[in-house]
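Listed below, chain by chain, are the residues.
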There are 2 protein chains.
Amino acid sequence: MPRESAAKVPTPSSAISDTTLRQFTGYGMKRAFMVIQADVTRTLEPLDLRMVTFSALAIIGDNPGLSQTQLAGALAIERPNLVVIVDELERRDLVSRDRVPTDRRTYALQLTAEGRRLLVRATEALRTHEIRVMHGIGGADLATLIGCLSQIEAFEPGKS
Amino acid sequence: MPRESAAKVPTPSSAISDTTLRQFTGYGMKRAFMVIQADVTRTLEPLDLRMVTFSALAIIGDNPGLSQTQLAGALAIERPNLVVIVDELERRDLVSRDRVPTDRRTYALQLTAEGRRLLVRATEALRTHEIRVMHGIGGADLATLIGCLSQIEAFEPGKS
DNA sequence: TATTGTTATACTCTATAACTATA
DNA sequence: TATAGTTATAGAGTATAACAATA
């Protein structure tokens, strides 16, 4: 890949090199994730959902009755920030906050019927879109990709 | 994976399921990227660099003389937000803003000698850390991973 | 008229401390 | 005393409009 112009001259028009960053898989992950994120945002927009509100619905759907602290942990966000999210979902009648008799400090979160319907619609829309994004990737490669991601996610700074 | 408790009872202690989200490769990418991001942040901290300031140094190093508009494009951030970043790098004497005689509106960005030294140190530190994070992934799988990421990055909403 | 860098500003996300009510 | 949810607030990060200098 020869340099066409002398050193210290700005690259002709807009062909900027990122060779140094490209050596890092983490950089490729960021670039790829930005594409996915943009597609997810676009897909959820007509349903008036953001990535985090969709994720909240999905986690509540998988764990009916869980507490806000547990949900915050699953979403990896701070409890204070979760409050406004659950506020919005409750206001839109997608989620209910039910008092727990055995511990009146906590709420048991549930999807409402409308919450369940919206979760199903959003999940199907995202599945369709993800297939398009991953379209060029073969089945075996996709399995390898998922395995690699799990491996990375399992990394702990302390070990090794 | 049988449910141990009756429906609508909070999950015992803290074993929250994310089955619905796990079907999406994008979710796995986000989780994996969060781990990488945390490691990168920790690695760059002693060098007083953030992800974005390191990336700026790397792009300037690969494209000496480029303009701030070009750098903003390469980093995918808005021009106004880049100004404060370049301000900081210039104040720390890592980057120079040189006037271009042929177009006195633009600056030609260059790494200083100290900027080059810091870039090398940071790149080596990150390389070591990335090897640890990717440690469990075989060579062939890593190549597949990188290929998949490129494929995803190349996705365009319009096509297909 | 268009573009580069800049300022001001606003909006979202995220993070922390402190409060209340319960345990 | 400790915990769940909440409030207030501050700090990042990100986005847009508008300006001065220059083309």
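Everything below is about the structure printed above this text.
Values in this document were obtained by computation on a predicted structure and should not be read as measured data.

The rules behind these values
Residues numbered from 1 in each chain as written. Chains lettered and ligands numbered in written order. Predicted model: local features only at pLDDT ≥ 70, side-chain atom pairs only at ≥ 80, totals over all residues. Heavy atoms only, no water. Least-squares fit on C-alpha atoms with pLDDT ≥ 70 in both. Phe/Tyr/Trp six-rings, centres within 6.5 Å; stacked < 30°, edge-to-face > 60°. Helix = DSSP H or I, 4+ residues; strand = E, 2+ residues; numbered from the N terminus. Buried < 20%, exposed > 50% of the residue type's maximum accessible area, 1.4 Å probe, protein only. Core = buried A, V, L, I, M, F, W, Y, C linked by side-chain atoms within 4.5 Å. Contact = heavy atoms within 4.5 Å. Buried area = accessible area lost by both parts, 1.4 Å probe. Salt bridge = Lys/Arg side-chain N within 4 Å of Asp/Glu carboxyl O. Polar contact = N/O pair within 3.5 Å; in protein donor to acceptor, adjacent residues only side chain to side chain. Near = heavy atom within 4 Å.

### With respect to the relation of the copies chain A and chain B
Mapping between the two chain copies consists of a rotation about an axis together with a translation along that axis.
Consideration 1: When chain A is brought onto chain B, the operation consists of a screw motion whose angular component is 180 degrees and whose axial shift is 0.0 Å, with 0.0 Å RMSD remaining. The relationship between the two copies is best expressed as a two-fold rotation axis. In terms of C-alpha distance to the rotation axis, chain A has L145 of chain A as its closest residue, with the C-alpha 2.7 Å off the axis.

### Things to note about the packing of aromatic side chains
Consideration 1: As enumerated under the stated definition, the model contains 2 aromatic pairs over all chains in all.
Consideration 2: Between F24 of chain A and F54 of chain B the ring centres are 6.2 Å apart and the planes differ by 70 degrees, which places this aromatic pair in the edge-to-face class. With F24 of chain A in the loop between α1 (19-22) and α2 (25-44) and F54 of chain B in helix α3 (residues 51-62), this residue pair bridges two chains. Comparing F24 of chain A with F54 of chain B, the two get one shared label, buried.

### Some words on the nonpolar core
It is characteristic of soluble globular proteins that their nonpolar side chains tend to be buried jointly.
Consideration 1: Core analysis: the largest hydrophobic core is formed by 86 residues, its most contacted members being L71 of chain A together with L71 of chain B.
Consideration 2: In this structure L71 of chain B touches A56, I59, I60, L66, L82, V86 and L109 of chain B, once residues within four positions along its chain are discounted.

### Examining the interface of chain A and chain B
Consideration 1: On the chain B side, the residues contacting the 66 residues of chain A number 66 residues.
Consideration 2: Of the roughly 6,200 Å² buried at the junction of chain A and chain B (both faces included), carbon and sulfur atoms supply 64%.
Consideration 3: At the junction of chain A with chain B, the criterion picks out 4 salt bridges.
Consideration 4: For the salt bridge of E153 of chain A with R22 of chain B, the shortest nitrogen-to-oxygen distance reads 2.9 Å.
Consideration 5: One can count 16 residue pairs in polar contact (both at pLDDT 80 or more) joining chain A with chain B.
Consideration 6: Of all the elements in the fold, those that place two or more residues in the side of chain A that touches chain B are α1, α2, α3 (51-62), α4 (68-75), α6 (113-133) and α7 (139-153) of chain A.

### A few points about the protein's contact with DNA strand C
Consideration 1: Residues in close proximity to DNA strand C total 17 residues, the closest being N81 and R104 of chain A together with Q68, T69 and R105 of chain B.
Consideration 2: Within the contact set of DNA strand C, a phosphate oxygen lies 2.9 Å away from a side-chain nitrogen or oxygen of Q68 of chain B.
Consideration 3: Within the side chain of R105 of chain B, an N or O atom sits 2.9 Å from a base oxygen of DNA strand C.
Consideration 4: Elements represented by at least two residues in the surface near DNA strand C include exactly α5 (79-91) of chain A together with α4 (68-75) and α5 (79-91) of chain B.

### Re unusual backbone geometry
Consideration 1: Within the chain, D48 of chain A stands out as a residue other than glycine whose phi angle is a positive 60 degrees.
Consideration 2: Position of D48 of chain A relative to the elements: it lies in the loop between α2 and α3.
Consideration 3: Residue classification places D48 of chain A among the exposed positions, given a relative accessible area of 53%.
Consideration 4: Phi is positive for A76 of chain B, close to 60 degrees, though the residue is something other than glycine.
Consideration 5: Position of A76 of chain B relative to the elements: it lies in the loop between α4 and α5.

### Quick look at the protein's contact with DNA strand D
Consideration 1: Among the 17 residues in the neighbourhood of DNA strand D, the closest are listed as Q68, T69 and R105 of chain A together with R50 and R104 of chain B.
Consideration 2: Of all DNA strand D atoms lying within 4 Å of any protein atom, the proportion belonging to sugar or phosphate reaches 60%.
Consideration 3: One nitrogen or oxygen atom from the main chain of T69 of chain A is found 2.7 Å from a phosphate oxygen belonging to DNA strand D.
Consideration 4: N81 of chain B places a polar side-chain atom, nitrogen or oxygen, 3.0 Å from a base nitrogen of DNA strand D.
Consideration 5: Mapped by element, the contributors of at least two residues to the surface near DNA strand D are α4 and α5 of chain A together with α5 of chain B.
Consideration 6: A total of 3 residues in the surface near DNA strand D trace back to one element, the largest contributor, which is α5 of chain A.

That is the geometry; function is a separate question.
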